[in-house]
Amino acid sequence: MTPDRSSEGPGSADSEPLARSVMIAGEMLNWSDLHPEDGRPAIDGPAPAALLDAVLTPADSVLVAGPHSIELLAHLAGQVTSVDVLVRSAPDAEEIADQLEGHPVRVFCGSLDRFGSEHGESSYDVVVALDGLPRLVGPDTPVLTWTDALAVLKARLAPEGRLLVAAENSFGVERLIQPDVTATVPRDEAWPRDIAGSVEAPAGLKAVHAIVGGTVYAVYPSLIEPAVALADTAGPLAGAVAARAVAERYASPTLMDPYRVVQDAFAAGLGAELAPGWYFVVGAAELPSVFPADAVPAGPGVLLEESLLAALKIDDQAALRRTVPGYVSWLLEQDAKVAAVASADNLLVDGTSYKVFAGGGVVVGGTGEALVVGQLARFVRRSLEAGSREPWAVGGSARDLTALLASMAGITVTEELWASVAGGNEPIQPVGYAEQVATIARLSQELADANTQASWFESQLDGIRRSRPYRIGQAVLNPARVVVKRVRRR
């Protein structure tokens, strides 16, 4: 602790002036982790900010190790007595010192293995490494294991200190969604290292947790852009929040539909194991189960979209004919602001009660029947993009499927109504290549089954035509047909 830096309170601009930055060896002079040209930027986002708010106290001395955004560092520095920042990039160290001038912050530039007891405080109340450990060393440190790096950070903790450290998942859900196209092209930061001294985290949540301990938070959609951190990954609502965050990050064509992959992972109980990364909080008690605290809505219910997709999957038309009219009736009773964001993917249903999942959903315009058709059209589009099964023998276009659902609520989708809502009839393809292949295989199988049934019916009909009773009936009826035709001609 440094009383001279805390005499004016947390984040005071009247504190003793601090050194701009201190070189400790192992620094990188022509490199930036805050503004990389081909690497990942510094971590920032609502989840780490909320975590820091919950863990820090005004009397804390804090060590921040690794690249964290200027905004996150400023947010942190305004809450505590003193902050020491350790980064490996010399330009970053100068920028941090400039931007945080007037805050109780000291900046050290160099590698973690050079950060000795003569630098900074002998011990800290809180050590923060929410970027993980790989970017704490540079090319002058060819060998430093992840376990050794973690031990260095733990050695600087006070006896009752708190440790916040992140680890990246080597087999996270993003590997199922989008391939790393740069995997075979070394980046500028891919300098040679001893393969026995990798500073990457061990593979798998169990291996990392066994070493670090503490409370584990699954981070989505990535460690660099952490929108939500979940200690409890059970339940459909947590899965919906994570799936929405991942879908927003991977908006381009992907290997698999991001939203459905994450939803299925949570449904299978793998929301934590397949998270892109994890936060480990050691030494802090009574923390919320999610950051930010209001990210996951409280209360029962499941997304209406999940209920409808489950009915489509098993061709439960009775459930659809119960659910769709109830949803439409509720939708027409709401004011325009609520109804505009009450799409099937943004509405919780619990029996016959409904509740908007999140206020920031996609806004669908229109009123009355136009609004209803617009919301149903959004569900149809999402179901087609997810490659879900559409059991009806219709054209398969978004308009036909929307019209069928709307008819369950007594609404007829005319050409004018459809044009005002959706505009066109262009075909909708699944967003993931896997769903596209699965859709082709499913349609091919359904077509083969239909051909088999048609061939069977043709064979049965041919057998009937060859039967004796059929020939006798034809012989009896043919003269009668001739008589009928002659009578009609008169």
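Above this note sits the structure.
Brief notes about the overall build of the chain
At step 1: Across its full length, the chain holds 17 helices and 13 strands.
At step 2: Counting only contacts in the chain whose residues sit at least 6 apart along the sequence, the fraction spanning at least 24 positions is 74%.
At step 3: When the accessible area of the chain is evaluated, it comes to approximately 23,600 Å², of which 56% is carbon and sulfur surface.

Points about the pattern of salt bridges
At step 1: Going through the model one piece at a time under the given rule, you end up with 17 salt bridges.
At step 2: With a closest N to O distance of 3.8 Å, Asp33 and Arg135 form a salt bridge. You can see Asp33 sitting in the loop between strand 1 (22-25) and helix 2 (46-55) and its partner Arg135 sitting in the loop between strand 5 (124-129) and helix 5 (146-155), a full 102 residues away along the chain.
At step 3: Salt-bridge contacts for Asp60 lead to Arg162; the nearest nitrogen and oxygen are separated by 2.7 Å. Of this pair, Asp60 sits in the loop between helix 2 and strand 2 (61-65) while Arg162 sits in strand 6 (residues 157-168), and the two are 102 residues apart along the sequence.
At step 4: Three or more residues joined by partner-sharing salt bridges are found here, namely Asp33, Arg40, Arg88, Asp131, Arg135 and Glu168.

Quick look at the packing of aromatic side chains
At step 1: One pass over the full model with this rule turns up six aromatic pairs.
At step 2: A ring pair is formed by Phe108 and Phe115, whose centres lie 5.5 Å apart and whose planes are at 70 degrees; its orientation type is edge-to-face. An identical accessibility class is assigned to Phe108 and Phe115; each is buried.
At step 3: Considering the side-chain rings of Tyr217 and Phe291, the 5.1 Å spacing of their centres and the 45 degrees angle between planes classify their relative orientation as tilted. Residue Tyr217 is located in strand 7 (residues 215-221), and its partner Phe291 is located in strand 10 (residues 290-291); the two are separated by 74 residues in the primary sequence.
At step 4: Of note, Arg382 hangs over the ring of Tyr259, and the distance from its end group to the ring centre comes to 4.7 Å.

Some points on a positive patch on the surface
At step 1: A contiguous patch of positive charge, built from Arg481, Lys485, Arg486 and Arg489, is present on the exposed surface.
At step 2: Within the secondary structure layout, Lys485 lies in helix 17 (residues 468-489).
At step 3: What makes Lys485 exposed here is its relative accessible area of 53%.

Focus: the side chain of His68
At step 1: With respect to the secondary-structure elements, His68 resides in the loop between strand 2 and helix 3 (70-77).
At step 2: Given a relative accessible area of 3%, His68 falls into the buried group.
At step 3: At 3.2 Å, the side chain of His68 and the backbone nitrogen of Leu130 are in polar contact.
At step 4: In this view, His68 contacts Leu34, Ala42, Ile43, Leu73, Val128, Ala129, Leu130 and Asp131; residues no more than four positions away in its chain are not counted.

Conventions and cut-offs
Residues numbered from 1 in each chain as written. Predicted model: local features only at pLDDT ≥ 70, side-chain atom pairs only at ≥ 80, totals over all residues. Heavy atoms only, no water. Helix = DSSP H or I, 4+ residues; strand = E, 2+ residues; numbered from the N terminus. Contact = heavy atoms within 4.5 Å. Areas by Shrake-Rupley, 256 points an atom, 1.4 Å probe, with all protein chains shown as cover. Salt bridge = Lys/Arg side-chain N within 4 Å of Asp/Glu carboxyl O. Phe/Tyr/Trp six-rings, centres within 6.5 Å; stacked < 30°, edge-to-face > 60°. Buried < 20%, exposed > 50% of the residue type's maximum accessible area, 1.4 Å probe, protein only. Lys NZ or Arg CZ within 6 Å of the ring centre and 35° of its normal. Patch = residues over 30% accessible without salt bridge, like charges linked within 9 Å, V, L, I, M, F, W, Y side chains within 5 Å. Lys, Arg positive; Asp, Glu negative; His and termini not counted. Charge placed at Lys NZ, Arg CZ, Asp CG, Glu CD. Polar contact = N/O pair within 3.5 Å; in protein donor to acceptor, adjacent residues only side chain to side chain.

Structural measurements only, silent on function.
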